[in-house]
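Residues per chain, in single letters:
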Amino acid sequence: MRNFNEQTITDAVIQRFSSSTEPRVKEICTSLVKHLHDFVRDVRPSYEEWEYAIEFLTRTGQICDGNRQEFVLLSDTLGVSMLVDAVNNPVGGNITQSTVLGPFYVENPEVFPLGADIAGAMRGTPAYVSGSVSSEDGSPLGGAIVDVWHSDDDGFYDVQQLDKLGGNAGRGRFIADEQGRFHFWTVKPTCYPVPTDGPVGEMLNAQGRHPWRPAHLHFMIHAAGHRKLVTHVFDRADKYLDSDAVFGVKDELVRDYPDHPPGVAPDGSKRDTTWSTIEYDFVMAKAG
Ligand code: BEZ
Ligand code: FE
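*Asks:* So what about the pairing of strand S7 (residues 216–222)? Which residues, and what values?
*Replies:* Taking burial as the measure, the seven residues of S7 include six buried ones, the bulk of the element. In this structure, strand S2 (residues 145–150) lies alongside S7, joined through six bridges in antiparallel fashion. Bridge pairing links Val148 to Phe219 in S7.

*Asks:* Please set out the site of ligand 1 residue by residue, giving values where relevant.
*Replies:* In the vicinity of ligand 1 there are 13 residues, among which Asp76, Tyr192, Arg213, His216 and His218 approach most closely. Within the side chain of His218, one N or O atom sits 2.9 Å away from an oxygen atom of ligand 1. Relative to its unbound accessible surface of 270 Å², ligand 1 loses 100% to contact with the protein. Applying the majority rule of atoms within 2 Å of the grid points places ligand 1 in the largest cavity. Taken together, the elements giving at least two residues each to the shell around ligand 1 come down to helix H4 (70–77) and S7.

*Asks:* Explain the domain arrangement of the protein residue by residue, including any values.
*Replies:* Each assigned domain of the protein is listed here: domain 1 (9–44) and domain 2 (70–284). Distance from the C-alpha centre of domain 1 to the C-alpha centre of domain 2: 39 Å.

*Asks:* Which residues make up the packing of helix H1 (residues 9–16) against helix H2 (residues 23–43), and what values go with them?
*Replies:* Where H1 meets H2, the axes come as close as 10 Å, and the angle between the chain directions of the two elements is 160 degrees. Relative to H2, the element H1 is oriented roughly antiparallel. The two elements H1 and H2 meet at a crossing, and its hand is right-handed. Of H2, the residues touching H1 (which contributes Ile9, Thr10, Val13 and Ile14) are Thr30, Val33, Lys34, His37 and Arg41. Looking at the contact of H1 with H2 residue by residue, the classes come out as four nonpolar, three polar and two charged.

Reading guide: rules and limits
- Residues numbered from 1 in each chain as written.
- Chains lettered and ligands numbered in written order.
- Predicted model: local features only at pLDDT ≥ 70, side-chain atom pairs only at ≥ 80, totals over all residues.
- Heavy atoms only, no water.
- Buried < 20%, exposed > 50% of the residue type's maximum accessible area, 1.4 Å probe, protein only.
- Helix = DSSP H or I, 4+ residues; strand = E, 2+ residues; numbered from the N terminus.
- Pairing = 2+ DSSP bridges.
- Near = heavy atom within 4 Å.
- Polar contact = N/O pair within 3.5 Å; in protein donor to acceptor, adjacent residues only side chain to side chain.
- Areas by Shrake-Rupley, 256 points an atom, 1.4 Å probe, with all protein chains shown as cover.
- 1 Å grid on protein atoms, 1.4 Å probe; cavity = no way out; pocket = protein on both sides within 12 Å on 5 of 7 lines; lining within 4 Å.
- Sits in = over half its atoms within 2 Å of the grid points.
- Domains from an automatic or database assignment.
- Axes fitted to C-alpha atoms, helices over the stretch in contact; angles between N-to-C directions.
- Parallel < 35°, antiparallel > 145°, perpendicular 65-115°, else oblique.
- Left-handed = near helix turned anticlockwise from the far one by under 90°.
- Contact = heavy atoms within 4.5 Å.
- Nonpolar A, V, L, I, M, F, W, Y, C, P; charged D, E, K, R; others polar.

Written out as structure tokens, the structure is:
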């Protein structure tokens, strides 16, 4: 087969892998080629625009390393990460909704006892975080593994300032008690911009978009017999809730982060400065 034109080349490419013995590969590649070719027929890029696209993707790969994943950030800011999340986590019932993982999770975080303060050298208003983990049938999930991580008062995660902080801060792992409850101290997170010093920043700028994410705590929760939950708890007072750079906000994940005057906290500790409370009761979906 030869002499392909704008209309006939799509079927010719799809035909080329029609004898693949991998049905899912065939399905994915067929759809990919159809959509890519339709995109080109729609946009009709000039050679210069095509070269720019290749160069943009090349730089996106080149800036990636063990600590930075620009392709994930590209997926996040184009709404693809949340779309993948949506097709894998149908909403419904009383199950806590999921949202993006983001690039700042660290595997196997330090385990702290309930009630510990994980702020380390991070600055900010002290926050008492508490909540529970239960199953969709209402039973408490004692022993659930609750991982948390968040930014500080300046909008930076510990992994972005390890030298300044002298190690991890604002992250840790807690094991829920027999009633599925957990509580700990940290500092109140604030809004922050996604990294803009690479190709994604260039794209956001060209699209006339801001790079900000509303203030949130990240949670990753594992409980035996249940699906892993990756989610956030957002601050209702944040001005970026309706324009999150990565489209991750869901109403159900928004909570008040109220401030309190100096006094006695729920764990009986005496606070001599303003402090805040953040609370969330997570409901996990049964596996399968
Ligand atoms: C985050 O919430 O940590 C995050 C998510 C997506 C892109 C950048 C940061
Ligand atoms: Fe975050």
